[in-house]
Amino acid sequence: MGKWRNGSGTLTVGSDSGAREVPLRIAASYRARTRGLLGADGVDGALLITPCGSVHTFRMRFTIDVAYLDRKFEVLAVRTMRPGRLGLPRLRARHVVESEAGAMERWGLRPGTRVRVSVPATEGSPPAR
């Protein structure tokens, strides 16, 4: 398994016939993970924070949906968090996906769903998962 890098990619939700592709920003470095969506007024698509097992919304400007994913990219839990909240740590979570409130319901993202993350092919980047 390769190492994750900051960048962009695509989050695919659902099966082949009903798959939904969402633009994705990847935060893998300590600095990018710490910053997350802080200071942003919104998000176009979603943000993948990896590795990550819990999040907070202190100093956030908008309500977000948070999906906790395990190592196999299966959704463990989906929560909507208002600004100023501290999310419970998920022991099995390895990745977290954040988006604007209501987006994950529109995408059909719910516990038990398996998602796929695709990144542009560059030297040293991990393969699609």
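## Some words on the overall build of the protein chain
Right, on to step 1. Summing up its helical and strand segments, the protein chain has 2 helices and 7 strands in all.
Right, on to step 2. Written out in order from the N terminus, the α and β elements of the protein chain read β-β-α-β-β-β-β-α-β.
Right, on to step 3. Taken against the 2.2 N^0.38 rule, which gives 14 Å for 129 residues, the C-alpha radius of gyration of the protein chain at 14 Å falls within 12% of a compact globule.
Right, on to step 4. Overall, the C-alpha framework of the protein chain stretches about 35 × 30 × 30 Å when taken along its three principal axes.
Right, on to step 5. The 129 residues of the protein chain split such that 40% are buried.
Right, on to step 6. Within the protein chain, residue pairs in contact and separated by at least 24 positions form 56% of the contacts whose partners lie at least 6 positions apart.
Right, on to step 7. For the protein chain, the accessible surface area stands at approximately 7,500 Å², while carbon and sulfur atoms represent 48% of it.
Right, on to step 8. If you average the places of the 22 positive and of the 11 negative side-chain charges in the protein chain, the two averages end up 8 Å apart.

## Focus: the packing of aromatic side chains
Right, on to step 1. Inspection of every chain in the model, using the stated rule, returns 1 aromatic pair.
Right, on to step 2. Directly above the ring of Y68 sits R90, whose terminal nitrogen or CZ lies 5.1 Å from the centroid.

## Structural notes on the environment of G42
Right, on to step 1. On the secondary structure map, G42 appears in the loop between helix 1 (30-35) and strand 3 (46-49).
Right, on to step 2. When the C-alpha atoms of G42 and I64 are compared, they prove to be 9.1 Å apart, with 22 residues separating the residues in sequence.
Right, on to step 3. Ignoring sequence-local partners within four residues, the contact set of G42 consists of F62 and E100.

## Notes on the pairing of strand 6 (residues 95-100)
Right, on to step 1. The element strand 6 is largely enclosed, with a buried count of 5 among its 6 residues.
Right, on to step 2. As judged from the 3 bridges shared by strand 3 and strand 6, these two strands associate in the antiparallel manner. Counted as the bridge partner of I49 is V96 from strand 6.
Right, on to step 3. As defined by bridge partners, strand 4 (residues 64-69) adjoins strand 6 across 6 bridges and the pair is classed as antiparallel. When the bridges of strand 6 are listed, I64 appears paired with E100.

## A few points about the nonpolar core
Right, on to step 1. Counting residues in hydrophobic clusters, the biggest one holds 20 residues, and the most contacted among them are L11, L48, V97 and V115.
Right, on to step 2. Broken down by secondary-structure element, the contributors of at least two residues to this core are strand 1 (7-13), strand 2 (20-27), strand 3, strand 4, helix 2 (103-107) and strand 7 (115-118).
Right, on to step 3. Excluding residues within four positions of it along the chain, L11 makes contact with R20, E21, V22, L24, V97, W107, V115, R116 and V117.
Right, on to step 4. The next biggest cluster of nonpolar side chains, apart from the first, holds 17 residues, and it includes L38, V55, A77 and A93.

## Some points on the side chain of T12
Right, on to step 1. By the element assignment, T12 lies in strand 1.
Right, on to step 2. Aside from chain neighbours lying at most four places away, what touches T12 is A19, R20, E21, V115 and R116.

## A look at the pattern of salt bridges
Where charged atoms from two side chains of opposite charge come close, those side chains can pair.
Right, on to step 1. All told, the structure shown has 3 salt bridges when counted by the stated rule.
Right, on to step 2. D70 is the partner of R92 in a salt bridge, and the nearest nitrogen-oxygen pair spans 3.8 Å. Residue R92 is located in the loop between strand 5 (75-81) and strand 6, and its partner D70 is located in the loop between strand 4 and strand 5; the two are separated by 22 residues in the primary sequence.
Right, on to step 3. Judged by its relative accessible area of 58%, R92 is exposed.
Right, on to step 4. When its relative accessible area of 11% is taken as the criterion, D70 is described as buried.
Right, on to step 5. A salt bridge links E74 to R114; the nearest nitrogen and oxygen atoms lie 3.7 Å apart. Here the residue E74 occupies a position in the loop between strand 4 and strand 5, and R114 occupies one in the loop between helix 2 and strand 7, the gap between them amounting to 40 residues.

Definitions and cut-offs
Residues numbered from 1 in each chain as written. Predicted model: local features only at pLDDT ≥ 70, side-chain atom pairs only at ≥ 80, totals over all residues. Heavy atoms only, no water. Helix = DSSP H or I, 4+ residues; strand = E, 2+ residues; numbered from the N terminus. Rg over C-alpha atoms; globule rule 2.2 N^0.38 Å. Buried < 20%, exposed > 50% of the residue type's maximum accessible area, 1.4 Å probe, protein only. Contact = heavy atoms within 4.5 Å. Areas by Shrake-Rupley, 256 points an atom, 1.4 Å probe, with all protein chains shown as cover. Lys, Arg positive; Asp, Glu negative; His and termini not counted. Charge placed at Lys NZ, Arg CZ, Asp CG, Glu CD. Phe/Tyr/Trp six-rings, centres within 6.5 Å; stacked < 30°, edge-to-face > 60°. Lys NZ or Arg CZ within 6 Å of the ring centre and 35° of its normal. Pairing = 2+ DSSP bridges. Core = buried A, V, L, I, M, F, W, Y, C linked by side-chain atoms within 4.5 Å. Salt bridge = Lys/Arg side-chain N within 4 Å of Asp/Glu carboxyl O.

Interpretation note: all reported values are geometric properties and have no functional meaning in isolation.
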